[in-house]
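Here are the chains, one letter per residue:
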Amino acid sequence: MSDFENLNRPEEFVMRAIEERGIRFVRLWFTDVLGFLKSVAIAPAELDNAFAEGIGFDGSAIEGFARGNEFDMLAKPDASTFTILPWRTQAPGAARIFCDINLPDGTPAHSDPRQVLKRTLSAANDLGFNVYTHPELEFFLFKNVEEKLIPIDRGGYFDQTPSALGHDFRRAAITMLEAMGVSVEFSHHEGAPGQQEIDLRDADALSTADNIMTFRYVVKEVALEQGFQASFMPKPFTNHAGSGMHTHFSLFRGEENAFYDEKSPDLLSDTAKSFIAGILKHAREFTLITNQWVNSYKRLHGGDEAPSHLDWGRNNKSALVRIPGYKPRKENSTRIEVRSPDAACNPYLAFAVIISAGLEGIKGKYKLDSTTSDEKLPENLDEAIKAMESSELVRRTLGADVFEYVLRNKRAEWEEYRRQVFSYEIDRYLPLL
């Protein structure tokens with residue numbers, strides 16, 4: 001926040017704001033390895049100590065956090081992420097702060113997804129780069145999910161539907177997001193009935209990951225207030241497009257966009273091409289992180305412009321990596337769009353593996369092939385597990401603890417899914433066999 005510049009420490013601004021606004025509860029947020037939001041509320045009187053030492057909790061109770069006898073962990077608030085909760089503005093007021101997770105000796109917990117992304121961004125900084133991201137988040141709004149999925153409208157892409165439900169929802173969600181400091185670029189109805197898209201403005205990768213976690217919470221909160229249910233499930237309908245999280249990436253050296261080269265015929269620098277080549281080379285290895293659910297693969301291989309092959313291009317909307325051309329020859333707008341992730345991923349881990357793959361391409365001076373690849377992304381969760389198992393890049397990026405936990409968790413999910421008998425089988429085969 002710009003107000004931080006007027007004080008010696010961000011913590012001082014937070015303590016003053018809490019006193020002036022009459023905040024009674026401060027919610028400390030962090031995520032488990034799978035990307036589910038966790039929260040503990042503390043009284044303002046405890047916050048000064050939380051900034052200094054952290055708040056203790058049982059790490060063994062959080063998905064993927066503890067090894068062996070590592071039970072005690074500390075949630076240490078990051079004062080720069082402080083914001084008032086706009087739906088708790090009446091007394092007693094509440095605020096939230098994102099946390100980093102530390103071990104009792106003060107060292108970062110390797111199992112903390114936020115720390116995983118921080119390590120990756122530190123590696124980018126060591127190469128002279130700052131990483132900026134801009135996600136396009138798609139999701140569905142349903143009237144009912146108990147017996148049958150009923151979308152809130154029958155609209156299509158960019159439709160100005162007669163029903164005001166979608167408009168009212170997006171307006172309320174954006175108002176709440178911006179009250180929490182999450183800047184929105186634009187919003188619209190997406191292609192499927194009840195499907196919405198809200199795009200966040202460009203920000204550094206860590207802030208964007210925090211913003212995505214805030215976004216998912218706010219969207220679900222507003223939906224419940226309006227009597228709906230919001231879902232980031234990648235593919236809820238067989239015959240409609242799924243929901244993705246197309247994410248734009250750019251690298252900067254100070255004020256200079258490292259992806260831009262005005263002398264290149266395609267305006268892409270060698271750095272940008274190597275970054276893309278790194279993503280393409282390692283995409284199969286990291287897909288389990290960017291698309292972590294069984295249902296994710298129904299979207300990737302269900303058509304409707306979802307990426308299924310390891311290819312890139314400018315005008316191909318089914319490409320894994322696309323080069324947007326909205327503002328040609330504008331240096332700061334030069335970026336790449338990675339189209340495989342869905343918004344049901346853990347954004348900290350997803351950004352970490354994508355950025356790490358791109359940096360590997362830069363360090364190795366990978367060459368970008370101009371031809372279209374016939375190689376596919378994993379076609380199901382089992383293939384994605386096998387592709388990641390032998391990946392040194394993903395293991396190094398996530399750390400051994402997170403790497404092994406994800407594999408164990410996803411093997412269990414695949415085994416449970418594989419054993420199920422689905423309604424398709426009953427409807428098709430029971431009358432015949």
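Residues numbered from 1 in each chain as written. Predicted model: local features only at pLDDT ≥ 70, side-chain atom pairs only at ≥ 80, totals over all residues. Heavy atoms only, no water.

Moving on to the overall build of the protein chain. The secondary structure content of the protein chain amounts to twelve helices and 17 strands. The burial tally for the protein chain puts 55% of its 433 residues in the buried class. In the protein chain, the share of contacts with a sequence separation of at least 24, taken over all contacts with a separation of at least 6, comes to 70%. When the accessible area of the protein chain is evaluated, it comes to approximately 20000 Å², of which 47% is carbon and sulfur surface. (Helix = DSSP H or I, 4+ residues; strand = E, 2+ residues; numbered from the N terminus. Buried < 20%, exposed > 50% of the residue type's maximum accessible area, 1.4 Å probe, protein only. Contact = heavy atoms within 4.5 Å. Areas by Shrake-Rupley, 256 points an atom, 1.4 Å probe, with all protein chains shown as cover.)

The next thing to look at is the pairing of strand β10 (residues 195-200). Both faces of the sheet carry side chains from a regular strand, because those side chains alternate between them. Among the six residues of β10, six are classified as buried, and the element is accordingly described as predominantly covered. Every second residue of β10 is oriented toward a common face, with Gln-195, Glu-197 and Asp-199 on one face and Gln-196, Ile-198 and Leu-200 on the other, all of them buried. Judged from the five bridges that link them, strand β9 (residues 184-189) and β10 form a sheet pairing that is antiparallel. Residue pairing for β10: Val-184 is matched across the bridge by Leu-200. Linking β9 to β10, which pair antiparallel, is a turn of five residues; within it Gly-194 sits at a positive phi near 75°. (Pairing = 2+ DSSP bridges.)

Our next topic: the pattern of salt bridges. This model, assessed by the stated rule, comprises 19 salt bridges. Between Arg-396 and Glu-360 there is a salt bridge, with the nearest N and O atoms lying 3.1 Å from each other. In this pair, Arg-396 is assigned in helix α10 (residues 392-398) and Glu-360 in helix α8 (residues 347-363), connecting sequence segments 36 residues apart. (Salt bridge = Lys/Arg side-chain N within 4 Å of Asp/Glu carboxyl O.)

On inspection of all chains with the given rule, the structure shows 16 aromatic pairs. The interplanar angle of 50° and the centroid separation of 5.5 Å between the aromatic rings of Phe-139 and Phe-232 together place this pair among those described as tilted. With Phe-139 in strand β7 (residues 130-144) and Phe-232 in the loop between β12 (229-231) and β13 (245-253), this residue pair connects regions lying 93 residues apart in the sequence. The structure contains a cluster of three or more aromatic residues connected by ring pairs, namely Phe-139, Phe-169, Phe-215 and Phe-232. In this structure, Lys-410 packs its charged tip against the face of Trp-293, placed 3.7 Å from the ring centre. (Phe/Tyr/Trp six-rings, centres within 6.5 Å; stacked < 30°, edge-to-face > 60°. Lys NZ or Arg CZ within 6 Å of the ring centre and 35° of its normal.)

With that settled, consider the nonpolar core. Core analysis: the largest hydrophobic core is formed by 94 residues, its most contacted members being Ile-336 and Leu-398. With eleven residues, the single largest contributor to this core is α8. Those residues in contact with Leu-398 that sit more than four places away from it in its chain are His-110, Val-116, Arg-119, Ile-289, Leu-349, Val-353, Met-388 and Phe-403. Listed in part, the 26 residues of the second largest apolar core include Val-26, Ile-42, Ala-50 and Ile-101. (Core = buried A, V, L, I, M, F, W, Y, C linked by side-chain atoms within 4.5 Å.)

Orientation of helix α3 (residues 113-126) relative to helix α5 (residues 205-225), taken along the N-to-C sense of each, is 160°, at an axis distance of 10 Å. Judged on the interaxial angle alone, α5 and α3 are roughly antiparallel. Here the hand of the crossing between α3 and α5 comes out right-handed. Residue-level contacts link Arg-114, Leu-117, Lys-118 and Leu-121 of α3 to Ala-205, Leu-206, Ala-209 and Asp-210 of α5. (Axes fitted to C-alpha atoms, helices over the stretch in contact; angles between N-to-C directions. Parallel < 35°, antiparallel > 145°, perpendicular 65-115°, else oblique. Left-handed = near helix turned anticlockwise from the far one by under 90°.)

Here strand β6 (residues 93-102) lies mainly inside the structure; ten of its ten residues are buried. Burial of the side chains of β6 extends over both faces: Gly-93, Ala-95, Ile-97, Cys-99 and Ile-101 are buried on one face and Ala-94, Arg-96, Phe-98, Asp-100 and Asn-102 on the other. Bridging between strand β1 (residues 23-31) and β6 involves six bridges; their strand directions are parallel. Among the inter-strand pairings, Leu-28 is bridged to a residue of β6, identified as Ile-97. For strand β4 (residues 72-77) and β6, the ladder comprises four bridges, and the chain directions are antiparallel. Residue Pro-77 lies in a different strand from β6, and its bridge partner there is Cys-99.

Looking at the second largest pocket, its volume works out to about 560 Å³. Surrounding the second largest pocket, 19 residues form its lining, Phe-36, Lys-220, Phe-232, Met-233 and Ala-344 being those nearest its centre. Ranked by residues supplied to the lining of the second largest pocket, first place goes to α5 with six residues. (1 Å grid on protein atoms, 1.4 Å probe; cavity = no way out; pocket = protein on both sides within 12 Å on 5 of 7 lines; lining within 4 Å. Points joined across faces, edges and corners; volume = space filled by probe spheres on them.)

Moving on, we get to empty space enclosed by the protein. For the structure shown, the criterion picks out one cavity of 30 Å³ or more. Counted as a void, the largest cavity has a volume near 40 Å³. Along its surface, the largest cavity is lined by Val-33, Leu-34, Leu-288, Ile-289, Gln-292, Asn-346, Leu-349 and Val-406. Of the residues assigned to the lining of the largest cavity, the class counts are six nonpolar, two polar and no charged. (Nonpolar A, V, L, I, M, F, W, Y, C, P; charged D, E, K, R; others polar.)

This part is about the side chain of Ser-340. Within the secondary structure layout, Ser-340 lies in the loop between β17 (336-338) and α8. Its relative accessible area of 1% is what places Ser-340 among the buried residues. Those residues in contact with Ser-340 that sit more than four places away from it in its chain are Thr-290, Asn-291, Arg-299, Leu-300, Pro-307, Leu-320 and Leu-377.

To continue, consider a nonpolar patch on the surface. A contiguous nonpolar surface patch, about 610 Å² in accessible area, is contributed by Phe-422, Tyr-424, Tyr-429, Leu-432 and Leu-433. Counting through the fold element by element, Leu-432 comes out in the segment after α12 (423-429). Judged by its relative accessible area of 67%, Leu-432 is exposed. (Patch = residues over 30% accessible without salt bridge, like charges linked within 9 Å, V, L, I, M, F, W, Y side chains within 5 Å.)

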